[in-house]
Amino acid sequence: MVDSKRRLNTRVGVKLVAADAHISDDPETTTAFHALHGDTQAILTKLHRDPKLVHESHPLVASNASPLFIAANTSATEIVDLLLQYYANATAVDAVSGLTPLTSFVRNGRGTDVARQLLANGANPTKPDKTGKSAAAYVAMLLSRVKQSDRNMEEARRLVELTQLFDIYSVQGAEGFEDAPGAWRMHAYNSKDAHPDASFFYHVDSGRQRYSKPASLAWTRIVRNATSAGTGGHTMLARVFVNQVTGQTLLRVPKALRWRFIRTPTGDEYWMSTESNSSLAEAPIELPEEMAREIRALPNAFWTNKVLGVNQWSEPDVGGWNVAADRHGRAYYVHERTGESSWLKPPEFAWMMIVNNDARTSATHPYWYVNENTGERTWDEPEAVAWTLMDELSGELARFRPCPAMTSGEASEKSRHFSMKKGTGPGGGHSNNNIEL
């Protein structure tokens, strides 16, 4: 044990400190000790008995480092996977070295598998550790040194691959490392005497098994009312999706939850992932129950935009903007790709559809459109509001609503603001009635 501890201490530059709250009197029975010696079965036995022991360390074992830190530092992929299944913290900073499991792996590990595991469980490559450096910064620094020396090409390839993984994270976050929708199934024993822990999840392609939900099965949806700023204080629904494994939050529908319920003319029924095109006979375990009910209630539903001439399964992307709500229930808007946020409606969300009451033009143009953000007026239906949810068997199901419903009085007030004359539309017709988009 002494030799192994000395090797690890030399690599990470740590020293002995007092024990934390999760320790055993005997260092050789701790989870950290088993992680240091690569004893996967011993760790599984301990965690099955008490999942809290996933954090168990000891001052005489690798200088009190956490089991996950030790496993990442030694590139023990099986142990890293097991510890993460029992909710080891992939973002924790080691109390002694100041490193995260990811930065420790970048500095001392081998290959890229452990990095992928940590990123898939919420480790952030841009988050600095106590030394002020992030995993991405370590990779850039080490890659520069390797290129200058021009000796270790294998290490250079590893660092380039890590850079590519970090680039994926920078765009998609932990979601970029999730398995494809429909890849996981749950096996549950039917015996009345079966212990709840007997249930497990398995990957249909690789055969991998795990005791806790993988990240692709851990999305939940939170919906709340949000009131927009400005006259009238329109109320709309703001939703956020939270991953209980990675902690990632999204305002758009995660890839794992993009499913449609299909009913054929012959009466056959199945679920289809619009992301992976895989199909299932039963409701996907990725979907929260309330979402599954909503999707099942709209069989064969797809989105169409007659202005763009587009049909698609996924929800429309209205300029990349999504509605969010702060803790006081106030609506604001966030751009998915840039991260920009604003209290003011983006132009795509600011269209009103107004009834054209002018008998001279109403036959050809029953409505006209005004943008309360830009002041633009047009007879033609804007692309942003031309989305319709359709069912090829039963017809139109719903219109997409990029802007909230408003009262007719409010629409008239805004019409006076944007028109040269009270109630005047683009073609000179009177317009004093608002139609909800």
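Re the sheet that holds strand β14 (residues 341–342)
Reasoning step 1: Strand order across the open sheet formed by 3 strands is β12-β13-β14, with antiparallel pairing between neighbours. Only two strands of the sheet have a single neighbouring strand rather than two, namely β12 (321–325) and β14.
Reasoning step 2: Here β12 pairs with strand β13 (residues 331–335) via 5 bridges, running antiparallel. Counterpart to N322 in the pairing with β13 is V334.

Focus: the packing of helix α5 (residues 77–85) against helix α7 (residues 113–120)
Relative placement of two packed helices is described by the angle separating their axes and the distance separating the axes.
Reasoning step 1: The geometry of α5 relative to α7 is characterised by a closest axis approach of 9 Å and an angle of 10° between their N-to-C directions. By the angle class used here, α5 and α7 are roughly parallel. Contact residues: α5 offers T77, V80, D81 and L84, while α7 offers D113, V114, Q117 and L118.
Reasoning step 2: Of the residues belonging to the contact of α5 with α7, the class tally is 4 nonpolar, 2 polar and 2 charged.

A word on the sheet that holds strand β7 (residues 259–263)
Reasoning step 1: Within the open sheet, the 3 strands sit side by side as β7-β8-β9. Their pairing is antiparallel. Each of the sheet's edge strands pairs with one partner strand only, and the pair in question is β7 and β9 (279–280).
Reasoning step 2: Sheet analysis places strand β8 (residues 269–273) next to β9, joined by 2 bridges and oriented antiparallel. Paired with M272 across the strands is S279, a residue of β9.

Topic: the packing of helix α6 (residues 101–108) against α7
Reasoning step 1: Contact geometry for α6 and α7: axes closest at 10 Å, N-to-C directions at 165°. In terms of orientation, α6 and α7 fall into the roughly antiparallel class. Here α6 runs over α7; the crossing is left-handed. Only V114, A115, L118 and L119 of α7 make contact with α6, whose side of the interface consists of P101, L102 and F105.

Considerations on the pattern of salt bridges
Reasoning step 1: Taken as a whole, this structure holds 16 salt bridges when the rule is applied.
Reasoning step 2: Here R221 makes a salt bridge to E294, at a shortest N to O gap of 2.8 Å. Separated by 73 residues along the polypeptide, R221 in strand β4 (residues 219–227) and E294 in helix α10 (residues 289–296) bring together distant segments of the chain.
Reasoning step 3: For E294, a relative accessible area of 41% puts it in the partly exposed group.
Reasoning step 4: The partner of K306 in a salt bridge is E381, and the shortest N-O contact between them spans 3.6 Å. Taken as a pair, K306 in the loop between β10 (301–305) and β11 (310–312) and E381 in the loop between β17 (377–378) and β18 (387–391) lie far apart in primary sequence, 75 residues in all.

Description of the pairing of strand β5 (residues 235–243)
Reasoning step 1: Relative to β5, β4 is paired through 9 bridges, and the arrangement is antiparallel. Bridging from a neighbouring strand, T220 pairs with V242 of β5.
Reasoning step 2: The pairing of β5 with strand β6 (residues 249–250) spans 2 bridges and is classified as antiparallel. Considered in β6, the bridge of F241 is made with L250.
Reasoning step 3: Following β5, the chain reverses through 5 residues before pairing antiparallel with β6; G247 in that reversal takes a positive phi of roughly 80°.

Parameters and conventions
Residues numbered from 1 in each chain as written. Predicted model: local features only at pLDDT ≥ 70, side-chain atom pairs only at ≥ 80, totals over all residues. Heavy atoms only, no water. Pairing = 2+ DSSP bridges. Helix = DSSP H or I, 4+ residues; strand = E, 2+ residues; numbered from the N terminus. Axes fitted to C-alpha atoms, helices over the stretch in contact; angles between N-to-C directions. Parallel < 35°, antiparallel > 145°, perpendicular 65-115°, else oblique. Contact = heavy atoms within 4.5 Å. Nonpolar A, V, L, I, M, F, W, Y, C, P; charged D, E, K, R; others polar. Left-handed = near helix turned anticlockwise from the far one by under 90°. Salt bridge = Lys/Arg side-chain N within 4 Å of Asp/Glu carboxyl O. Buried < 20%, exposed > 50% of the residue type's maximum accessible area, 1.4 Å probe, protein only.

By themselves, these observations are geometric and do not establish any function.
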